[in-house]
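Residues per chain, in single letters:
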Amino acid sequence: MFVEDMQVEEEVKTNKKKIIILMAAVIAVAVAAVIIMIVVSITGKPKELTADDHMKNAAAFMEDKEYGKAMSAYNMALEENPELIDAYIGISGVYEAENNTQGVKETLAKAIEVINDIDWSDKEVPDTVKDIYYKYADILVAEGDSPAAQSILMSGSDICLLYTSPRPRDLSTSRMP
């Protein structure tokens, strides 16, 4: 009997230790949750990054040759602003750094598609638009497709000439008879 009593007493001690450890863990988790709630209530929710923030991060990643992170940042910039032409240029730069000509070509083609869908009548065409058309045409020429390159350059020149040249004067306010 004495041995059995000792075994029961040992089991009780072991169970008490387990209960104490479990209670300590629960208390630690509760304290951590309270601390997190306090910090969040004081600081508010984290600031969401803008497309410009993502572009700055991407540029820093490119400088550090962290191409995967740069690609992610450029894509996040595009999620914020799908018409952000410089993000497409950045993505093509990542592909170029990785010697992925097909990636460059597909990205520039997507950029041209976006450029063609933008209503430029109330916007100024950035100079980088020309770069996209030239770069894409260079790839087409290198692939031996000069007619396609010429067609791309013509469509690019249409956009650039139509929307970067001076706007026509409003002749209705002219003082000339």
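Calculation notes
Residues numbered from 1 in each chain as written. Predicted model: local features only at pLDDT ≥ 70, side-chain atom pairs only at ≥ 80, totals over all residues. Heavy atoms only, no water. Helix = DSSP H or I, 4+ residues; strand = E, 2+ residues; numbered from the N terminus. Buried < 20%, exposed > 50% of the residue type's maximum accessible area, 1.4 Å probe, protein only. Contact = heavy atoms within 4.5 Å. Areas by Shrake-Rupley, 256 points an atom, 1.4 Å probe, with all protein chains shown as cover. Salt bridge = Lys/Arg side-chain N within 4 Å of Asp/Glu carboxyl O. Expected span 1.5 Å × (residues − 1). Core = buried A, V, L, I, M, F, W, Y, C linked by side-chain atoms within 4.5 Å. pLDDT = per-residue confidence, 0-100. Patch = residues over 30% accessible without salt bridge, like charges linked within 9 Å, V, L, I, M, F, W, Y side chains within 5 Å. Axes fitted to C-alpha atoms, helices over the stretch in contact; angles between N-to-C directions. Parallel < 35°, antiparallel > 145°, perpendicular 65-115°, else oblique. Left-handed = near helix turned anticlockwise from the far one by under 90°. Nonpolar A, V, L, I, M, F, W, Y, C, P; charged D, E, K, R; others polar.

Counting secondary structure elements, the chain contains seven helices and zero strands. Secondary structure elements of the chain, listed N to C terminal, follow the sequence α-α-α-α-α-α-α. Within the span of the chain, comprising 177 residues, buried residues form 25% of the whole. Sequence separation of at least 24 residues holds for 49% of the intrachain contacts in the chain that already meet a minimum separation of 6. When the accessible surface of the chain is summed, it comes to about 12,800 Å², and 60% of that surface belongs to carbon and sulfur atoms.

A separate point is unusual backbone geometry. It is generally the case that most residues other than glycine have a negative phi and that most peptide bonds are trans. Even without being a glycine, Lys65 presents a positive backbone phi close to 60°. By the secondary structure assignment, Lys65 is in the loop between helix 2 (51–63) and helix 3 (67–80). Note on Lys65: relative accessible area 59%, which makes it exposed. A positive phi angle, close to 55°, is found at Asn99, a residue other than glycine. Within the fold, Asn99 resides in the loop between helix 4 (85–97) and helix 5 (101–117).

Moving on, we come to the pattern of salt bridges. Taken as a whole and assessed by the stated rule, the structure comprises six salt bridges. A salt bridge links Lys69 to Glu66; the nearest nitrogen and oxygen atoms lie 3.0 Å apart. Classification of Glu66 by relative accessible area gives partly exposed; the value is 27%. Between Asp127 and Lys130 there is a salt bridge, with its nearest N and O atoms 3.8 Å apart. Classification of Lys130 by relative accessible area gives partly exposed; the value is 34%.

Turning our eyes to something else, we now look at helix 2. Spacing of three or four residues puts side chains on the same side of an α-helix, whose turn is 3.6 residues. Given a rise of 1.5 Å per residue, 13 residues ought to cover 18 Å, and the 18 Å separating the end C-alpha atoms of helix 2 matches this to within 8%. For helix 2, the complete set of buried residues consists of Ala51, Asp53, His54, Met55 and Ala58. Those residues of helix 2 hidden inside the fold are in contact with helix 3 and helix 4. Lys65 sits one or two positions beyond helix 2 and adopts a positive phi of about 60°.

This brings us to the nonpolar core. Counting 35 residues, the largest nonpolar core has Tyr74, Ile115 and Val129 as the members making the most contacts within it. Contributing elements (two or more residues each) for this core: helix 2, helix 3, helix 4, helix 5, helix 6 (128–142) and helix 7 (146–164). If you tally residues by element for this core, the top one is helix 6, at seven residues. If we skip the residues at most four places from it in the chain, Ile115 touches Ile85, Trp120, Val129, Ile132, Tyr133 and Ile159.

Turning next to the confidence of the model for the chain. Per-residue confidence for the chain gives a mean pLDDT of 84, with 82% of residues at or over 70. Every residue in residues 167–177 is under pLDDT 50, and counting partners more than four places away or in other chains gives four contacts.

Side chains of Ile19, Met23, Ile27, Val31 and Ile35 sit close together on the surface and give an oily, nonpolar patch of about 480 Å² of accessible area. Residue placement: Val31 occurs in helix 1 (residues 2–43).

Once that is clear, we can look at the packing of helix 4 against helix 6. Axis separation between helix 4 and helix 6 bottoms out at 10 Å; the angle between their running directions is 40°. When the interaxial angle is binned, helix 4 and helix 6 end up oblique. Judged by the sense of rotation from one axis to the other, the crossing of helix 4 with helix 6 is left-handed. Contacts between helix 4 and helix 6 involve Ile85, Asp86, Ile89, Ser92 and Glu96 on the former and, on the latter, Thr128, Val129, Ile132 and Lys135. Looking at the contact of helix 4 with helix 6 residue by residue, the class counts come to four nonpolar, two polar and three charged.

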